[in-house]
Amino acid sequence: MKYLFFLTIMALTHLFAAQKTNEIEFPRSAYQDRYKYYILEEKKQNTTFVVTYKRAGFDSFLFGKAEINCPSRVIRSLGTSTASVKNIPLQPSGWVQPTIGTIEFDMVSYVCR
């Protein structure tokens, strides 16, 4: 009886303590990639999107921001951080045409669908 009570309390605690997130996992074309990628935020500015994403590995996370121009299908990194989204320094790179099979290509394909 104590065991059943304990399991009920644990299940209720887990149910109410679970965080609700808006993370959207987007599909990868490289099936052997060991990381999972999630869109955390997507903001549209004219014809471009600013995307905040998370790369989740077995023992690490990487947070980043990228800007995507959908009409020309190019992307540039705005910065990355291993600490948190708030710690991403804005260091824009140059615009690149993503190569098929890369995370950049998959992100452009997902956002510009």
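Cut-offs applied
Residues numbered from 1 in each chain as written. Predicted model: local features only at pLDDT ≥ 70, side-chain atom pairs only at ≥ 80, totals over all residues. Heavy atoms only, no water. Core = buried A, V, L, I, M, F, W, Y, C linked by side-chain atoms within 4.5 Å. Buried < 20%, exposed > 50% of the residue type's maximum accessible area, 1.4 Å probe, protein only. Helix = DSSP H or I, 4+ residues; strand = E, 2+ residues; numbered from the N terminus. Pairing = 2+ DSSP bridges. Contact = heavy atoms within 4.5 Å.

(A) Up close: the nonpolar core. Formed by 16 residues in total, the largest nonpolar core has its most connected members in Phe26, Ile39, Val51, Ile68, Ile75, Met107 and Val111. For this core, the secondary structure elements donating two or more residues are strand 2 (36-45), strand 3 (48-56), strand 4 (61-69) and helix 2 (103-111). Here this core gets five residues from one element, more than from any other, and that element is helix 2.

(B) Structural view of the pairing of strand 3. Of all nine residues that make up strand 3, eight are buried, and the element is covered over most of its length. Note: strand 2 against strand 3, nine bridges, orientation antiparallel. Considered in strand 3, the bridge of glutamine 45 is made with threonine 48. Remark: two residues form the turn of the hairpin made by strand 2 and strand 3, two consecutive strands paired antiparallel; asparagine 46 in that turn has positive phi of roughly 60 degrees. For strand 3 and strand 4, the ladder comprises nine bridges, and the chain directions are antiparallel. Residue pairing for strand 4: arginine 55 is matched across the bridge by leucine 62. If you look at the hairpin formed by strand 3 and strand 4, you'll find four residues sitting between the two strands.

(C) Helix 2, seen in detail. All of the buried residues along helix 2 are Ile103, Asp106, Met107, Val108, Tyr110 and Val111. Buried residues along helix 2 sit in contact with strand 1 (24-25), strand 2, strand 3, strand 4 and strand 5 (74-81).

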